[in-house]
Amino acid sequence: GGGEDAYAVLGVRRGQTDREYKVSYLKLAKASHPDANPNDPQATARFQKAAWAYEKVRDESARRRYDDEVAAQRASSTSSSSSSSYSSQQRQQQQQKPYYDAYQQSEAYWQRQGPSAAETWERASSDAAAMAQAFSDWLKEEALSRKQEFESELNSAVEAARRR
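**Quick look at the overall build of the chain**
Move 1: Secondary structure assignment for the chain yields eight helices and zero strands.
Move 2: Along the chain direction, N to C, the helices and strands of the chain fall in the order α-α-α-α-α-α-α-α.
Move 3: Looking at the chain as a whole, 21% of its 164 residues are labelled buried.
Move 4: In the chain, the proportion of contacts linking residues at least 24 apart, taken out of those at least 6 apart, comes to 60%.

**Concerning the packing of aromatic side chains**
Move 1: By the definition in use, this model includes four aromatic pairs.
Move 2: Ring centres of Tyr-25 and Tyr-54 lie 4.6 Å apart, and the angle between their planes is 15°; on these two criteria the pair is classed as stacked. Of this pair, Tyr-25 sits in helix H2 (residues 18–32) while Tyr-54 sits in helix H3 (residues 43–57), and the two are 29 residues apart along the sequence.
Move 3: For Tyr-54, a relative accessible area of 2% puts it in the buried group.
Move 4: Plain terms: the ring middles of Trp-52 and Tyr-66 are 6.3 Å apart, the flat faces sit at 85° to each other, and that makes the pair edge-to-face. A residue pair is termed long-range when its members are at least 10 positions apart, and Trp-52 in helix H3 and Tyr-66 in helix H4 (residues 60–79) qualify at 14 residues.
Move 5: Classification of Trp-52 by relative accessible area gives buried; the value is 15%.
Move 6: When its relative accessible area of 3% is taken as the criterion, Tyr-66 is described as buried.
Move 7: By way of ring pairs, the aromatic residues Tyr-7, Tyr-21, Trp-52 and Tyr-66 are connected into one cluster.

What counts and how
In every chain, residue numbers begin from 1 and rise along the written sequence. Confidence filtering applies because this is a predicted model: local features only for residues at pLDDT of at least 70, side-chain atom pairs given and counted only at 80 or more, and all residues used for totals across whole chains, interfaces and linings. For side-chain calculations, the full set of non-hydrogen atoms in the structure is used, while hydrogens and water are omitted. Secondary structure elements are taken from DSSP: a helix is a run of H or I of four residues or more, a strand is a run of E of two residues or more, and numbering for both begins at the N terminus. Buried means the residue's accessible area, taken with a 1.4 Å probe over protein chains only, is under 20% of the maximum for its type, while exposed means over 50%, and partly exposed covers the values in between. Two residues form a contact once any of their heavy atoms are found within 4.5 Å. Between rings of Phe, Tyr and Trp, where Trp is taken as its six-membered ring, a pair exists when centres lie within 6.5 Å; planes separated by under 30 degrees are stacked, by over 60 edge-to-face, and by other angles tilted.

If you want it as structure tokens, here you go:
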């Protein structure tokens, strides 16, 4: 997440259907999956970012919460005169305890992250229509690619036979 727009991450506009969001997510998740990109160290981050974005827009209630959250962040950033994101109580607690409790810090981080990529993928996978659409699109692309490879090999073989 980190300040990024979930709609932009998925490459979608606001106001689309649940299915359109899911199809975009499935395509992005398939293309950025770490197993499909073993030599790309950024694949996991892209896959997790897609999962985060999909969680934010997957259905009407999730989108409403996300849009409200974004609106509140914008409102607070424009009305806040303080440059610090800490409340005075948090500052006081930090001064009393000069070190951070690593366990609490990591727990807070993971709670903010929401469901894991696997949980998100499992939920996304439950929509057979969206999966079928994503698979259909992939199959068309794959078939076109194979057809072009075949035609190229065939043309090479024909040219070689003509030269003999």
